[in-house]
Amino acid sequence: FISAAISNGATNFATLLHDLPAVYPTELLTSLDRLAAGGMIDTAFAASVRHQAAATGSDVIEGRSLLPLPHPLDFEWRFTPDAARSLLNRAAEMTPAGGNILLFGTPGLAVEALTLPIDRHLAFLAESNCVTDRISELNRATGSPLSIAFCTGGLPRESADAVLLDPPWYLDFVRPMLAAAAHACRPGGAILISLPPDGTRASAEADRQAAVAFGRRLGLDPISHCALAIGYETPFFERNALAAAGIYPPPHWRGGDLLAFRKT
């Protein structure tokens, strides 16, 4: 991945992170050192990238200030505003006017949906926590365009024309959340799910294929796979963890793959 990105013109730390399929910043720097030690890339280039990674730059303003800070125990990485709008528009395009869209465990999408003129009925299924409490307050303040329910109450069967979900990127979470989405989706409806790109870990491609195979068993036909189509904000806790390692990446370096299914 890294050698190919350099050959394609990546010249600095930010562009390398942007061009690579969600390779973690620490892994990027370790790989650069290994490639330089093996004579595969210029040592001065590797040293320059490491110097750029250690530059603090300007202070980063938290992008989603309307919500409480995400917590690592919640596995919460939020979409960028642009990515959230793109996903909501994609779901609207795949559903009939006046149809039903279910936002499953996606608080960033729920907040963005409060500001967009979408001719769809919107439901947000979430955990009972301080983030959902804040979304409920914002929902009431904007005329309650969202119907909000909690995961413990279960999902109505075949109630949505489209379901958007962003599970933690591990099969132990993907499988039950995809099964719940399939249960809630009407026949002919669409499911949009974010999954880890190839560079996230060695098993990413195999895990994605396993998710597709599991979806087929649920009656879901894959209709598209868009690599790195979804941008994520770097949460406060992850910025602090990277800063402790002396690394300061750009705020939106992580991308996710978007898979679309049609329920048959």
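Our structure is the block above this text.
As the structure is a computational prediction, the values presented were derived from the model and not from experiment.

What counts, and where the lines are drawn
Residues numbered from 1 in each chain as written. Predicted model: local features only at pLDDT ≥ 70, side-chain atom pairs only at ≥ 80, totals over all residues. Heavy atoms only, no water. Axes fitted to C-alpha atoms, helices over the stretch in contact; angles between N-to-C directions. Helix = DSSP H or I, 4+ residues; strand = E, 2+ residues; numbered from the N terminus. Parallel < 35°, antiparallel > 145°, perpendicular 65-115°, else oblique. Left-handed = near helix turned anticlockwise from the far one by under 90°. Contact = heavy atoms within 4.5 Å. Salt bridge = Lys/Arg side-chain N within 4 Å of Asp/Glu carboxyl O. Expected span 1.5 Å × (residues − 1). Buried < 20%, exposed > 50% of the residue type's maximum accessible area, 1.4 Å probe, protein only.

**Re the packing of helix H8 (residues 171-184) against helix H9 (residues 204-217)**
Next, step 1: It is the contact of H8 with H9, at a shortest axis distance of 10 Å, that shows an interaxial angle of 25°. Of the possible angle classes, the one that applies to H8 and H9 is roughly parallel. Note on packing geometry: the crossing formed by H8 with H9 is right-handed. Along the contact surface, H8 presents Leu 171, Val 174, Arg 175, Leu 178 and Ala 179, while H9 presents Asp 207, Ala 210, Ala 211, Phe 214 and Gly 215.

**Focus: the pattern of salt bridges**
Next, step 1: Overall, the coordinates contain 12 salt bridges when judged by the stated rule.
Next, step 2: Within the structure, one salt-bridge network assembled from shared partners comprises Asp 82, Arg 85 and Glu 112.

**Focus: helix H5 (residues 81-93)**
Next, step 1: Here H5 is 13 residues long and its end C-alpha atoms lie 18 Å apart, about the 18 Å a rise of 1.5 Å per residue gives.
Next, step 2: If you check which residues of H5 are buried, you get Ala 83, Ala 84, Leu 87, Leu 88, Ala 91 and Ala 92.
Next, step 3: Each element contacted by the buried residues of H5 is listed here: strand S1 (100-104), helix H6 (107-113), strand S4 (160-165), strand S5 (185-195), strand S6 (220-231) and strand S7 (255-263).

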